[in-house]
Amino acid sequence: MSKEKHDERAAQGRAEQRDKPWIVECVRMLKPHVPRGGRVLDIGCGNGEVADILREEAGCRMTCLDYAPTHLERVRTK
């Protein structure tokens, strides 16, 4: 299976889980450094869970980057 097919299948089959330990830890570490209403670049955003939380809780504007087009499509639809 090609990398692109794998990424597409993973992105489509992956449910959002904001309570994953690594997501909770990322938000905990980043939130104190995000200025209210500021801009944040999320590199390797995946399905955008961290971006969603920071946008909601810190009121910031998010720009998301990922190597997988299917991940970016999911983030854009949000």
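Shown above is the structure to which this text applies.
Residues numbered from 1 in each chain as written. Predicted model: local features only at pLDDT ≥ 70, side-chain atom pairs only at ≥ 80, totals over all residues. Heavy atoms only, no water.

Chemist: Any chance you could explain the overall build of the chain here in plain terms?
Modeler: Counting its regular elements, the chain contains 4 helices and 2 strands. For the chain, the succession of helices and strands along the chain, N to C, is α-α-β-α-β-α. Residue pairs at least 24 apart in sequence account for 53% of intrachain contacts in the chain once pairs closer than 6 positions are excluded. By element, 56% of the accessible surface of the chain is carried by carbon and sulfur atoms, the whole surface being about 5400 Å². (Helix = DSSP H or I, 4+ residues; strand = E, 2+ residues; numbered from the N terminus. Contact = heavy atoms within 4.5 Å. Areas by Shrake-Rupley, 256 points an atom, 1.4 Å probe, with all protein chains shown as cover.)

Chemist: Where do I start with the pattern of salt bridges in this structure?
Modeler: Two side chains that carry opposite charge are able to pair once their charged atoms sit near each other. Applying the stated criterion across every chain, the model contains 5 salt bridges. The partner of Arg-28 in a salt bridge is Glu-25, and the shortest N-O contact between them spans 2.5 Å. Placement of the pair is Arg-28 and Glu-25 together in helix H2 (residues 21–30), with a separation of 3 residues, close to one helical turn. Taking relative accessible area as the criterion, Glu-25 reaches 33% and is therefore assigned partly exposed. With a shortest N-O distance of 3.1 Å, Arg-55 and Asp-52 are connected by a salt bridge. One end of the pair, Arg-55, and the other, Asp-52, are both in helix H3 (residues 49–58), 3 residues apart, so they sit about a helical turn from each other. Through salt bridges with shared partners, a single network forms among Arg-18, Asp-52, Arg-55 and Glu-56. (Salt bridge = Lys/Arg side-chain N within 4 Å of Asp/Glu carboxyl O. Buried < 20%, exposed > 50% of the residue type's maximum accessible area, 1.4 Å probe, protein only.)

Chemist: Before we go on, may I ask you to explain the pairing of strand S2 (residues 61–65) in this structure?
Modeler: Remark: a regular strand shows side chains that alternate across the two faces of the sheet. Taking every second residue as pointing to the same face, the buried face of S2 carries Met-62 and Cys-64, while none of Arg-61, Thr-63 and Leu-65 on the other face is buried. As paired elements, strand S1 (residues 39–43) and S2 share 5 bridges and run parallel to each other. The partner of Ile-43 across the bridge, within S2, is Leu-65. Since S1 and S2 lie parallel, the crossover through H3 that links them has a hand, and here it is right-handed. (Pairing = 2+ DSSP bridges. Right-handed = clockwise from strand over helix to strand, strands pointing away.)

Chemist: Whenever I open this one, the nonpolar core confuses me. Can you help?
Modeler: The tendency in soluble globular proteins is for nonpolar side chains to be buried as a group. With 15 residues, the main nonpolar core has Val-34, Leu-54, Cys-60, Met-62 and Cys-64 as its most contacted residues. Tallying contributions element by element places H3 first for this core, with 5 residues. Apart from residues no more than four positions distant in its own chain, Val-34 is found in contact with Val-40, Leu-54, Ala-58 and Cys-60. (Core = buried A, V, L, I, M, F, W, Y, C linked by side-chain atoms within 4.5 Å.)

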